[in-house]
Amino acid sequence: MKVPWSGTIVAVQPRVRLLRSLDERSHSYHGYVLRIDGTWAGESGEAGIAVGRAAHAKHRFCVGMEVSGMAEPVADPRTETAGWYKASRLRIIRDAGVEESKGPPFHGVPPDLETYRARGHRRLDPRTYETRCATCIWGCRMPVALILDPWNPSEKRHRFETFCYGPKSCGLYRAGRERTVPAKDGPSYTEGDWVDESETAHRGPDE
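What counts as what
- Residues numbered from 1 in each chain as written.
- Predicted model: local features only at pLDDT ≥ 70, side-chain atom pairs only at ≥ 80, totals over all residues.
- Heavy atoms only, no water.
- Helix = DSSP H or I, 4+ residues; strand = E, 2+ residues; numbered from the N terminus.
- Rg over C-alpha atoms; globule rule 2.2 N^0.38 Å.
- Buried < 20%, exposed > 50% of the residue type's maximum accessible area, 1.4 Å probe, protein only.
- Contact = heavy atoms within 4.5 Å.
- Pairing = 2+ DSSP bridges.
- Core = buried A, V, L, I, M, F, W, Y, C linked by side-chain atoms within 4.5 Å.
- Polar contact = N/O pair within 3.5 Å; in protein donor to acceptor, adjacent residues only side chain to side chain.

A. Expanded view of the overall build of the chain. For the chain, the count of helices and strands is 4 helices and 10 strands. Reading the helices (α) and strands (β) of the chain from amino to carboxyl end gives β-β-β-α-β-β-α-β-α-β-β-β-β-α. Relative to the compact-globule value of 17 Å for 207 residues, the chain shows a C-alpha radius of gyration of 18 Å, a close match. Based on the C-alpha atoms only, the size of the chain along its principal axes is roughly 55 × 40 × 25 Å. For the chain, buried positions account for 46% of its 207 residues.

B. How the structure looks around the environment of Thr 79. Secondary-structure assignment places Thr 79 in the loop between β4 (66-73) and β5 (84-94). For Thr 79, a relative accessible area of 22% gives the class partly exposed. The sequence separation of Thr 79 and Leu 19 amounts to 60 residues, and the corresponding C-alpha distance is 11 Å. Dropping the residues within four chain positions of it, Thr 79 is found in contact with Arg 17, Pro 143 and His 158.

C. The arrangement of the pairing of β4 in detail. Where burial is concerned, most of β4 is hidden: 6 out of the 8 residues are buried. Relative to β4, strand β1 (residues 3-21) runs antiparallel, the two being bridged by 6 bridges. Within the sheet, the bridge partner assigned to Trp 5 lies in β4 and is Gly 69. Where β4 meets β5, 6 bridges bridge the pair, whose relative direction is antiparallel. From the neighbouring strand, Ser 68 faces β5, where its bridge partner is Arg 91.

D. Spatial organisation of the nonpolar core. Ile 9, Leu 34, Ile 36, Phe 61, Tyr 116 and Tyr 165 are the most contacted members of the largest nonpolar core, which totals 38 residues. Secondary structure elements with two or more residues in this core: β1, β2 (24-40), β3 (43-51), β4, α2 (113-119) and β7 (139-147). Top element by residues in this core is β1. It accounts for 6 residues. Residues in contact with Ile 36, not counting those within four places in the same chain, are Trp 5, Ser 6, Gly 7, Thr 8, Ile 9, Val 10, Gly 45, Glu 46, Ala 47, Ile 49 and Val 67.

E. How the structure looks around the side chain of Arg 123. If you trace the backbone, Arg 123 turns up in strand β6 (residues 122-123). Of note is the side chain of Arg 123, whose polar atom sits 2.8 Å from the side chain of Asp 193.

Interpretation in functional terms is not warranted from these geometric data alone.
Right, dumping it as structure tokens:
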């Protein structure tokens, strides 16, 4: 059942899911996550609201906006970084009225999802994300589904990983530890630095 919510946006980031099977990975881009400081279902504080790409194209969400709408609790918290989704009746109560920040962290209106996909990302240390990058438009916390047995893809393990789509020259960036993808039988796979370098090789240091 949908409930009303309202508040001030403190972060807007892409809503991306990642599927891993040893050295193979695929992304699905679903929209954006608004982190609001406000009220919902009789509670108050910060909450994540998932919105679609069409809603973002229409309203151009950014930090500082006051917004309201309706949403329902996510069905499976393992597959979402937001607590609420299927947002509707979206309304801008007050526009942000601020200039795009020079960053970092970078604020302003996030680009379309095709831009994120084209830029590619690098792994981002979880602590750095939480302390420095949680409000940046280039930061992203993704729900990850791990296929442990390629012959039985329905058997999955879930976790969250953090990534950065931002400029490679950003002074706040820290890669953190390399990530390991487990397997049910046989050796695990460790994703080395070369993956990030390949993913963003088409970008200059300030792009």
